[in-house]
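The lines below spell out each chain.
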Amino acid sequence: MAFHQGRYVAATDAGREVQGSGRGSQGSNAAVEGSGPDLYTDYTQASDEGSHKDAALKFSRAHHVCLELFETDVSYLNALKLLAHVKAELEEAIEKGDPVMEKSDVSVVFGKIPAILYVHEKIISTLKGLLENWDEESAAANISQVWIDAYEELDRVYTPYSNIYDTARSALIAADGANPRVHAFIRAKEYSVEFKRNRFQDLLIRPVQRLPTIVVLLKGYKRSYKKETISSRQKSKKQLVS
């Protein structure tokens, strides 16, 4: 089954449903005015993460979901950058005539990462803009629209990665077992400060896991949005009756 017929369609459908349920309705929370600090910088700094999460609690469920999508995508982006840097390092060694890993293996294992990285850099920029210029009334539509707008690009980069993931994983394991230089290179990277004890296998599977995570967040928001809308309508009816 093609990737866009499974995980990604679920994410996009959830987004469309949230957007549809938000049309013509008024949010139960007041709009949050003003723009915040440089969110991209702040939320990539672990030391500040806790304080920003505490501050976000005073905002609506929609703001919390948007913030969580932003933070988790930044974390995901950083994981992809580790793989992209490894790819560049291995390609540089090949160009210098001292390859650590075969060129074909580098292409299979890491070749699809830069395209995914590029798409998520744009998504993060859009989410950052929503958080900096928060509009509570249009939040449901805006959050879902991020993923609807990115549908074609996400499908274009994730389908090939999903199709080649098992092959890429097997190629890395085979190279690790057969080539002492590859083995030493992998171990050195995994124990480096930058990798933070992540293994290559853990990082390579992240793209397979990312879209299902988005599905969970969007579906959770859809359920809570419906509850908030029903609660708001019930309160309005009670006020009219009284």
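Anyway, here's the lowdown on the structure attached to this text.

Rules of the game
Residues numbered from 1 in each chain as written. Predicted model: local features only at pLDDT ≥ 70, side-chain atom pairs only at ≥ 80, totals over all residues. Heavy atoms only, no water. Helix = DSSP H or I, 4+ residues; strand = E, 2+ residues; numbered from the N terminus. Buried < 20%, exposed > 50% of the residue type's maximum accessible area, 1.4 Å probe, protein only. Contact = heavy atoms within 4.5 Å. Core = buried A, V, L, I, M, F, W, Y, C linked by side-chain atoms within 4.5 Å. Arc of directions from axis to C-beta. Salt bridge = Lys/Arg side-chain N within 4 Å of Asp/Glu carboxyl O. Polar contact = N/O pair within 3.5 Å; in protein donor to acceptor, adjacent residues only side chain to side chain. Axes fitted to C-alpha atoms, helices over the stretch in contact; angles between N-to-C directions. Parallel < 35°, antiparallel > 145°, perpendicular 65-115°, else oblique. Left-handed = near helix turned anticlockwise from the far one by under 90°. Nonpolar A, V, L, I, M, F, W, Y, C, P; charged D, E, K, R; others polar.

1. Notes on the overall build of the protein
In step 1: The helix and strand tally for the protein stands at 11 helices and 0 strands.
In step 2: Ordered by position in the sequence, the α and β elements of the protein form the string α-α-α-α-α-α-α-α-α-α-α.
In step 3: Across the 242 residues of the protein, 42% fall into the buried class.
In step 4: Looking at the protein alone, contacts between residues at least 24 apart form 83% of all its contacts between residues at least 6 apart.

2. Some points on the nonpolar core
In step 1: Counting residues in hydrophobic clusters, the biggest one holds 59 residues, and the most contacted among them are Leu69, Phe110, Leu127 and Trp147.
In step 2: Of the residues forming this core, the biggest block, 17 residues, is contributed by helix 4 (residues 61-95).
In step 3: In contact with phenylalanine 110, other than residues within four places in its own chain, are Leu83, Val86, Lys87, Leu90, Met101 and Phe200.

3. Focus on helix 9 (residues 180-190)
In step 1: Listed as buried for helix 9 are Val182, Phe185, Ile186 and Glu190. Buried residues along helix 9 cover an arc of 125° about the axis, so they all sit on one side.
In step 2: Tucked into the core, helix 9 has its buried residues touching helix 4, helix 8 (151-178) and helix 10 (200-204).

4. Description of unusual backbone geometry
In step 1: Its identity is not glycine, yet lysine 196 carries a phi of approximately 50°, on the positive side.
In step 2: Position of lysine 196 relative to the elements: it lies in the loop between helix 9 and helix 10.
In step 3: The backbone of arginine 197 shows a phi angle near 70°, a positive value even though the residue is not glycine.
In step 4: With respect to the helices, strands and loops of the structure, arginine 197 is situated in the loop between helix 9 and helix 10.

5. Thoughts on the pattern of salt bridges
In step 1: Scanning the entire structure with this criterion turns up 11 salt bridges.
In step 2: The salt bridge involving glutamate 190 is made with arginine 187; its shortest N-O contact spans 3.1 Å. Taken together, the residues glutamate 190 and arginine 187, both in helix 9 and 3 residues apart, mark about one turn of the helix.
In step 3: You can call arginine 187 partly exposed: its relative accessible area is 26%.
In step 4: One connected set of salt bridges, linked through shared partners, spans Lys122, Glu153 and Arg156.

6. Things to note about the side chain of threonine 159
In step 1: With respect to the element layout, threonine 159 can be found in helix 8.
In step 2: Owing to a relative accessible area of 15%, threonine 159 belongs among the buried residues under this scheme.
In step 3: At 2.9 Å, the side chain of threonine 159 forms a polar contact with the backbone oxygen of aspartate 155.

7. Structural notes on the side chain of aspartate 176
In step 1: By the secondary structure assignment, aspartate 176 is in helix 8.
In step 2: Relative accessible area serves as the criterion here: at 17%, aspartate 176 is assigned to the buried category.
In step 3: Those residues in contact with aspartate 176 that sit more than four places away from it in its chain are Val182, His183, Ile186 and Arg187.

8. Section: the packing of helix 4 against helix 7 (residues 139-149)
In step 1: With their axes 10 Å apart at the nearest point, helix 4 and helix 7 run at an angle of 20° to one another. Relative to helix 7, helix 4 is oriented roughly parallel. For the crossing formed where helix 4 meets helix 7, the hand is left-handed. Between helix 4, through Ala62, Cys66 and Leu69, and helix 7, the contact on the second element is made entirely by Ala139, Ile143 and Trp147.
In step 2: Tallied by class, the residues present in the contact of helix 4 with helix 7 amount to 6 nonpolar, no polar and no charged.

Note that all results are geometric; they support no functional claim without further evidence.
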